[in-house]
Amino acid sequence: MILKELTELNGVSGSEYNVMEFIKGHVEKYADSVTIDSMGNLIAFKKGITGKYKVMLSAHMDEVGLMVTGYQDGMLKFKNVGGIDERILLGKRVLIGDKRIPGFIAAKPVHLQEKEERSVNIKLKSMYIDIGADKREEAEELAPLGEYVAFYSEYTELGNDTIKAKALDDRVGCAMLMELIKERYNFDLYACFTVQEEVGLRGSEIAAYRIKPHVAIVMEGTTCSDVPGVDEHNHSTTLGGGAALTIMDRTSYGDKALVNFLYKLAEENNIKVQFKRTTTGGNDAGKIQLTGSGVKVASISVPCRYIHSPASIMSKKDYDACLELAKLALSRFNNDEILGGLIS
């Protein structure tokens, strides 16, 4: 499964080039042209048979991570890049920069902490990354200011159906786009692998402005909260529940006709499907929707537990459901009347 290679690449927001080069090597065999824009977005274009409409598929290449911001003797001080719960950081292994220098996140040992310190969660500002350097000068040479820091996490298959990996948000979407670009359609297809989603949906705004699509589908890994301690009515999505469709989130409101079309299509073809039941978070649809005079958008997402951590978990069956639904939707879009009706 190509997800292993994708998730074990490091591509913290603003430093997505390793992921971009890997994807480029695969999609240029199927695309009519591949463009890297000034932001670093990779846009794979496939000319349609009729070319009456333009369809944009979007998945972001970047992942949450850390950045070196200072030094404390031979230790690295850092800040988060993207939304990370600082409570998960202590003891995690990391890789710094393209040289993949190993380190781990630490803080004052518990046996040296005062009683009041042990009763509260350690804050990120009190943590550091130990790379085995003795002096500041050595640390500066190995990990200069601004260097990216990625979580170290090996792709692991759990049981018969689940996968543990980092960066499932959104390498699952990238993997699906790499499959969808293989087919030729009546419409012009733009498979956009975007940058800097985790720090403000930045790349998708530039890509959508360039393309000016009639309709856009975002392929994403989204929150899954069916875990102990969370009441069922607060479950965002359910692992094993199938492809997740978003009605509304913090950044966008999916086009009702398009979302309903996807849901009905899934049900009619026995594809497991669910609605995302919370309105938190967001994805590239938020910027794409507001481009030009407006774009019809929808998101098809793979539920991922423990998102934005070194150990996200997804179901292979949910991934397959998302890919199958996207393939079916694009095949229906080959009918200009269906696609035209959705965007009119």
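The preceding data block contains the structure.
Not measured: the values here are computed from a predicted model.

> Honestly, a nonpolar patch on the surface in this entry has me stumped. Any pointers?
Side chains of Ile247, Met248 and Tyr253 sit close together on the surface and give an oily, nonpolar patch of about 250 Å² of accessible area. For Tyr253, the position within the fold is in the loop between strand S14 (243-245) and helix H7 (256-268). On the accessibility criterion, Tyr253 (38% relative accessible area) is partly exposed.

> Looking at this model, I keep getting lost on the nonpolar core. Mind explaining?
The tendency in soluble globular proteins is for nonpolar side chains to be buried side by side. Counting 63 residues, the largest nonpolar core has Ile23, Phe187, Phe193, Ile300, Met314, Tyr319 and Phe333 as its most contacted members. It is helix H9 (residues 316-333) that provides the largest number of residues to this core, a total of 10 residues. Setting aside anything within four residues of it in sequence, one finds Met314 in contact with Leu3, Asp161, Thr162, Ile163, Leu168, Val172, Leu239, Val302, Pro303, Cys304 and Tyr319. Of all hydrophobic cores here, the second largest spans 21 residues; its members include Phe78, Ile105, Ile131 and Ala139.

> How should the packing of helix H2 (residues 17-27) against helix H5 (residues 168-180) be read in this particular structure?
Geometrically, a packed helix pair is captured by the angle between its two axes and the distance between the axes. One way to put it is that H2 packs onto H5 with a least axis distance of 10 Å and a crossing angle of 20°. Our classification of the angle between H2 and H5 gives roughly parallel. The two elements H2 and H5 cross, and the hand of that crossing is right-handed. Of the residues in H5, those in contact with Val19, Phe22, Ile23, His26 and Val27 of H2 are Arg171, Cys174 and Met178.

> Sorry, what's going on with empty space enclosed by the protein here?
Applying the stated criterion across every chain, the model contains two cavities of 30 Å³ or more. Taken as a whole, the largest cavity spans an internal volume of roughly 70 Å³. Taken together, Glu63, Val64, Phe151, Lys166, Ala167, Leu168, Asp169, Glu198, His308, Ser309 and Ser312 make up the full set of residues lining the largest cavity. Each pocket or cavity is described by its volume, and for the second largest cavity that value is around 30 Å³. Every residue along the wall of the second largest cavity is listed here: Thr246, Ile247, Ser252, Gly254, Ala285, Val297, Ala298 and Ser299. For the lining of the second largest cavity, the leading source of residues is strand S16 (residues 296-305), giving three residues. Here the lining of the second largest cavity is composed, by residue class, of four nonpolar, four polar and no charged.

> Teacher, can you tell me more about the packing of aromatic side chains here?
The relation between two aromatic rings is expressed through the spacing of the ring centres and the mutual angle of the planes. In this structure the tally under the stated criterion is five aromatic pairs. Consider the rings of Phe261 and Phe333, whose centres lie 5.9 Å apart with planes at 20°: the pair is stacked. Linking Phe261 in helix H7 with Phe333 in helix H9, this pair joins segments that are 72 residues apart in sequence. A relative accessible area of 0% means that Phe333 is categorised as buried.

> Can you walk me through H2 in this structure?
It helps to recall that an α-helix has 3.6 residues per turn; residues three or four apart then point in one direction. Within H2 the residues assigned to the buried category are Val19, Met20, Ile23 and Val27. An end-on view of H2 places all buried positions within 95° of arc, on one side of the element. Buried residues in H2 make contact with helix H1 (3-7), strand S1 (33-36), strand S2 (42-46), H5 and strand S12 (188-194).

> How should the pattern of salt bridges be read in this particular structure?
A pair can form between side chains of opposite charge whenever their charged atoms are brought close. Enumeration over the complete set of coordinates arrives at 14 salt bridges. Notably, a salt bridge pairs Lys24 with Glu28, separated by 3.3 Å at the nearest N-O pair. Among the residues examined, Lys24 registers a relative accessible area of 26% and is labelled partly exposed. The network of salt bridges with shared partners includes Glu63, Lys166 and Arg171.

Cut-off values and rules
Residues numbered from 1 in each chain as written. Predicted model: local features only at pLDDT ≥ 70, side-chain atom pairs only at ≥ 80, totals over all residues. Heavy atoms only, no water. Patch = residues over 30% accessible without salt bridge, like charges linked within 9 Å, V, L, I, M, F, W, Y side chains within 5 Å. Areas by Shrake-Rupley, 256 points an atom, 1.4 Å probe, with all protein chains shown as cover. Salt bridge = Lys/Arg side-chain N within 4 Å of Asp/Glu carboxyl O. Helix = DSSP H or I, 4+ residues; strand = E, 2+ residues; numbered from the N terminus. Buried < 20%, exposed > 50% of the residue type's maximum accessible area, 1.4 Å probe, protein only. Core = buried A, V, L, I, M, F, W, Y, C linked by side-chain atoms within 4.5 Å. Contact = heavy atoms within 4.5 Å. Axes fitted to C-alpha atoms, helices over the stretch in contact; angles between N-to-C directions. Parallel < 35°, antiparallel > 145°, perpendicular 65-115°, else oblique. Left-handed = near helix turned anticlockwise from the far one by under 90°. 1 Å grid on protein atoms, 1.4 Å probe; cavity = no way out; pocket = protein on both sides within 12 Å on 5 of 7 lines; lining within 4 Å. Points joined across faces, edges and corners; volume = space filled by probe spheres on them. Nonpolar A, V, L, I, M, F, W, Y, C, P; charged D, E, K, R; others polar. Phe/Tyr/Trp six-rings, centres within 6.5 Å; stacked < 30°, edge-to-face > 60°. Arc of directions from axis to C-beta.

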